[in-house]
Amino acid sequence: MKRLALILAPLLLSTSAFAQAPDPWVARGRTMLEHAINIPTVAGREKVPELATYLAGEFRKAGWADADIHIIPYVGEADNKTAALILRWPAAGAPKSKPILLMGHLDVVEAKREDWTIDPFVFAEKDGYYYGRGTADIKGPTVAMLTALLKLKAAGFKPKRDIVVLLTGDEETAEIGAKLAATEWRKWTDAEYGLNADAGGGAFTADGRPLGFGLQTAEKTFADYTLTVRNKGGHSSRPRPDNAIYELAHALERIEAYRFEPAMNETTRAYYQVRQQDEKGPLGDAMRAWLKDPKDGKAADLIEADPLEVGSTRTRCVATLLAGGHADNALPQLATANINCRILPGVSPDAIRDELEKVVADPGVVVTRRDDNVSTAASPLRPDVVGAFTDAVHARFPSAKIVPQMSAGATDGAKFRAVGIPIYGVDGAWIISPEDERAHGRDERLPVKAFADDIDHWHRMLSRLAAQ
């Protein structure tokens, strides 16, 4: 308890709200968060509709009309019965601009009681933290966003454009809800741009030094490819010169050694313009050299070799699954491997398949795609969104740097970027790094103060952007 107090002291002192009376809406948000954590919205448990119903009820009590609240059941992968919640706050009068879409999700990844020191699906508060599966990813940020909306409504705020909230129920698995929302449900979800609670956020060191707040404007495309080698096989006592497992192994070695060409986009350029300011030594020199000349492959390679920068300069592909053979005493007739790629924005997954075929350079190794994911462009750095996010962060942490980010992972935002709706990861919660980096892991947690700050963050952003 004492150690956490020492850690948080410089953070608290840096916020303008330090001397103010407690915000009663933080207590309201905490109640909602506790309820959300206590519902195990894991794929297969069919609990997402229960959470959607609870949250819908909170908005009905706050004055939202039934016509503006939609709970939409759907089926995710492996017959996962789940649901999405869509809320609309209509503009006061005739809107002059298209809606703003607010995004989050209700599902969380599985957590086993024996892996945690506490029950992952029983909300707990101790030592200045909220504990439970989803506190950080993403029930904490989602509830903070919803609490800010309720606070604005109670204060009599009148948006000049519609605000639409989309909370899907299978972001952690197949993202079918996001795909439906970006296509079949567009009558409810169409928007000028979206603000995503599932990306962004800040970090501090244990002594309170700010590491920056990320503004996510791009995501790599997730794509899987299968390498397949077939052979007529035979008895293992009579080895053949061609062996399916060896042939596949050689192909994997070539992929392991291969490096895709580096490329820079608006997001990564802005990211490295911030990063290079404080980075010293060879890594900082490489960042500055690459900014000066994006064709400087040597500089990009040096950046890519850093463990914290892996994947930021180019497409990356890696073997993740391997299978081969059918008996101990038989030559293999089939050998397969899965190659998982995280592809730079704007690059077609089909083009990466073609490139992998060239790298393998063996007609006996067949490369096929396993998914239908499409490439998405980086969202432009809109001055209104960047300005609102920056000012909301600086109201609490004036010295924190704003760092545009390209995510190597995936969120529901990619499905909307794919249909031309820009999405921005703008959450305002923060963690102590690396101690609190526990999303999807053991004893997931979020600082109590970070949750309160996040409510204030969303309140400031939405009051500004929805008034335009």
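Relevant structure appears above.
What you are looking at is a predicted structure, and each value in this text was computed from that prediction instead of being measured. (Residues numbered from 1 in each chain as written. Predicted model: local features only at pLDDT ≥ 70, side-chain atom pairs only at ≥ 80, totals over all residues. Heavy atoms only, no water.)

(A) View of the pairing of strand β9 (residues 221-230). Burial within β9 is extensive, with eight of its 10 residues counted as buried. In the sheet, β9 pairs with strand β13 (residues 334-343) via 10 bridges, with the strands oriented antiparallel. Within β13, the position partnered with Y225 by the bridge is I339. (Buried < 20%, exposed > 50% of the residue type's maximum accessible area, 1.4 Å probe, protein only. Helix = DSSP H or I, 4+ residues; strand = E, 2+ residues; numbered from the N terminus. Pairing = 2+ DSSP bridges.)

(B) Looking closely at the packing of helix α12 (residues 383-394) against helix α14 (residues 448-465). Relative orientation of the contacting elements α12 and α14 amounts to 145°, with a least axis distance of 9 Å. For the pair α12 and α14, the crossing hand works out as right-handed. Judged by residue contacts, D384, V385, G387, A388, F389, D391, A392 and V393 of α12 engage H457, R460, M461, R464 and L465 from α14. For the contact of α12 with α14, a count of residues per class yields seven nonpolar, two polar and four charged. (Axes fitted to C-alpha atoms, helices over the stretch in contact; angles between N-to-C directions. Left-handed = near helix turned anticlockwise from the far one by under 90°. Contact = heavy atoms within 4.5 Å. Nonpolar A, V, L, I, M, F, W, Y, C, P; charged D, E, K, R; others polar.)

(C) Summary view of the packing of aromatic side chains. Counted according to the given criterion, the structure contains 16 aromatic pairs. With 6.0 Å between their ring centres and 70° between their planes, W89 and F157 make a pair best called edge-to-face. Of the two residues, W89 is situated in strand β2 (residues 81-89) and F157 in the loop between α4 (139-154) and β6 (163-168); the sequence distance between them amounts to 68 residues. Members of the aromatic cluster, connected to one another through ring pairs, are F59, W64, W89 and F157. Its end group placed over the ring of Y131, K126 keeps NZ or CZ at 5.1 Å from the ring centre. The cationic tip of R445 hangs over the ring face of Y129; the distance from NZ or CZ to the ring centre is 3.8 Å. (Phe/Tyr/Trp six-rings, centres within 6.5 Å; stacked < 30°, edge-to-face > 60°. Lys NZ or Arg CZ within 6 Å of the ring centre and 35° of its normal.)

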